[in-house]
Amino acid sequence: MPTTPATVAQISPKIASNGVQPSGAPAPIMLELVDEEGRTIGTAEKLAAHQAPGQLHRAFSVFLFDESGRLLLQRRALGKYHSPGVWSNTCCGHPYPGEAPFAAAARRTFEELGVSPTLLAEAGTVRYNHPDPASGLVEQEFNHLFVGLVQAEPRPDPEEIEDTAFVTADELAERHAAAPFSAWFMTVLDAARPAVRELTGPSGGW
């Protein structure tokens, strides 16, 4: 499975590297709005894009596996405003406007988990609409999927991640039945399964 070269994120020169505008106020986090074909049509502030009924925006989801074919899960930090405390895939998020999804996936994986994948490959896209009953926010996303391998031990950022776990396919089924997961988890996993099976082989059970 070929890998895709990363590209440098394009960030407005008006915003400093620490995310603060010249005025000293925190810079708003902007998302890239897209049409149903995934073509960019504009931008919106992150929270506004997730307020009901939601605005369709670009996102990414990453699934990293160890050498035994176990999937790295994360439990989202309890302090997050959207879907706190639930289990989800290795990493997910949003590219900056103008940033390539592959670059965003690699960047955010390192920011959240402190690891860089030894392999990261494109696994297609999926479009979905998932309301979050707890917060009232809505995930209207055109999601770019990535699968890969990780060899280093995760060093999660506690502000982003409460816990991590490596699981087999059978262990995931048991955990999914017993613990809360993000509303989008099964949608993105099912869409990525062909690439996951190609990566992990027939004995992985995915």
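Residues numbered from 1 in each chain as written. Predicted model: local features only at pLDDT ≥ 70, side-chain atom pairs only at ≥ 80, totals over all residues. Heavy atoms only, no water.

1. As for the UniProt feature "binding site: Mn(2+)" (unreviewed entry) in the chain
Reasoning step 1: Under the present numbering, the feature "binding site: Mn(2+)" (unreviewed entry) in UniProt falls on His50, His57, His94, Glu139 and Glu141. The annotated residues occupy 92 residues of the chain but converge on a single region, no pair of C-alpha atoms lying more than 11.9 Å apart.
Reasoning step 2: As for its position among the elements, glutamate 139 is in strand E8 (residues 138–149).
Reasoning step 3: Look at glutamate 139 and you get buried, because its relative accessible area is 5%.
Reasoning step 4: Beyond its immediate stretch of four places on either side in the chain, glutamate 139 contacts His50, His57, His82, Tyr128, Asn129, His130 and Trp184.
Reasoning step 5: Within the structure, glutamate 139 has its side chain in polar contact with the side chain of histidine 50 (distance 3.2 Å).
Reasoning step 6: Take glutamate 141: it is sitting in strand E8.
Reasoning step 7: With residues near it in sequence (within four places) discarded, glutamate 141 still touches His50, Leu56, His57, Ala59, His94, Val126, Arg127 and Tyr128.
Reasoning step 8: Within the structure, the side chain of glutamate 141 is placed 3.1 Å from the side chain of histidine 57, a separation counted as a polar contact. (UniProt positions renumbered as here; feature names shortened; annotations may be inferred. Helix = DSSP H or I, 4+ residues; strand = E, 2+ residues; numbered from the N terminus. Buried < 20%, exposed > 50% of the residue type's maximum accessible area, 1.4 Å probe, protein only. Contact = heavy atoms within 4.5 Å. Polar contact = N/O pair within 3.5 Å; in protein donor to acceptor, adjacent residues only side chain to side chain.)

2. Considering the side chain of aspartate 35
Reasoning step 1: Relative to the helices and strands, aspartate 35 is located in the loop between strand E1 (30–34) and strand E2 (40–45).
Reasoning step 2: Within the structure, aspartate 35 has its side chain in polar contact with the side chain of arginine 39 (distance 2.8 Å).
Reasoning step 3: Not counting residues up to four positions away in its chain, the partners in contact with aspartate 35 are Ile41, Leu56 and Phe142.

3. Some points on the environment of alanine 134
Reasoning step 1: Its location among the elements puts alanine 134 in the loop between strand E7 (119–131) and E8.
Reasoning step 2: Judged by its relative accessible area of 76%, alanine 134 falls in the exposed class.
Reasoning step 3: Spatially, the C-alpha atoms of alanine 134 and histidine 82 are 8.7 Å apart, while their sequence positions differ by 52 residues.

4. A few points about the packing of aromatic side chains
Reasoning step 1: Applying the stated criterion across every chain, the model contains three aromatic pairs.
Reasoning step 2: Ring centres 5.9 Å apart and planes at 75° place the aromatic pair phenylalanine 102 and phenylalanine 146 in the edge-to-face group. Residue phenylalanine 102 is located in helix H2 (residues 101–113), and its partner phenylalanine 146 is located in strand E8; the two are separated by 44 residues in the primary sequence. Of the two residues, phenylalanine 102 and phenylalanine 146, both sit in the buried class.
Reasoning step 3: Residues phenylalanine 181 and phenylalanine 185 carry aromatic rings whose centres are separated by 5.0 Å and whose planes lie at 50° to one another, so their mutual orientation is tilted.
Reasoning step 4: Looking at phenylalanine 181, the relative accessible area reads 12%, which means it is buried.
Reasoning step 5: Residue placement shows arginine 175 over the ring face of tryptophan 87; its charged tip is 4.5 Å from the ring centre. (Phe/Tyr/Trp six-rings, centres within 6.5 Å; stacked < 30°, edge-to-face > 60°. Lys NZ or Arg CZ within 6 Å of the ring centre and 35° of its normal.)

5. What to know about the UniProt feature "active site" (unreviewed entry) in the chain
Reasoning step 1: In the numbering adopted here, UniProt assigns the feature "active site" (unreviewed entry) to Cys92 and Glu141. A maximum C-alpha distance of 11.4 Å is found for the annotated residues, which run over 50 residues; spatially they form one tight group.
Reasoning step 2: Its location among the elements puts cysteine 92 in strand E6 (residues 91–93).
Reasoning step 3: Taking the relative accessible area as the measure of exposure, cysteine 92 reaches 16% and is therefore buried.
Reasoning step 4: For cysteine 92, the contacting residues outside a window of four places in its chain are Phe60, Ser61, Arg76, Glu112 and Trp184.
Reasoning step 5: For glutamate 141, a relative accessible area of 5% corresponds to the buried category.
Reasoning step 6: There is a polar contact of 3.0 Å between the side chain of glutamate 141 and the side chain of histidine 94.

6. Details of the pairing of E8
Reasoning step 1: In terms of burial, E8 is a largely internal element, 11 of the 12 residues being buried.
Reasoning step 2: Sheet analysis places E7 next to E8, joined by 11 bridges and oriented antiparallel. Along E8, the bridge assignment pairs tyrosine 128 with glutamate 141. (Pairing = 2+ DSSP bridges.)

7. A closer look at H2
Reasoning step 1: Taking 1.5 Å of rise per residue, the 13 residues of H2 would be expected to cover 18 Å, and the 18 Å separating its terminal C-alpha atoms lies within 8% of that figure.
Reasoning step 2: At its buried positions, H2 is contacted by strand E3 (57–65), strand E4 (71–76), E6, E7, E8 and strand E9 (161–167).
Reasoning step 3: Positive backbone phi, at 70°, marks glycine 114, one or two positions downstream of H2. (Expected span 1.5 Å × (residues − 1).)

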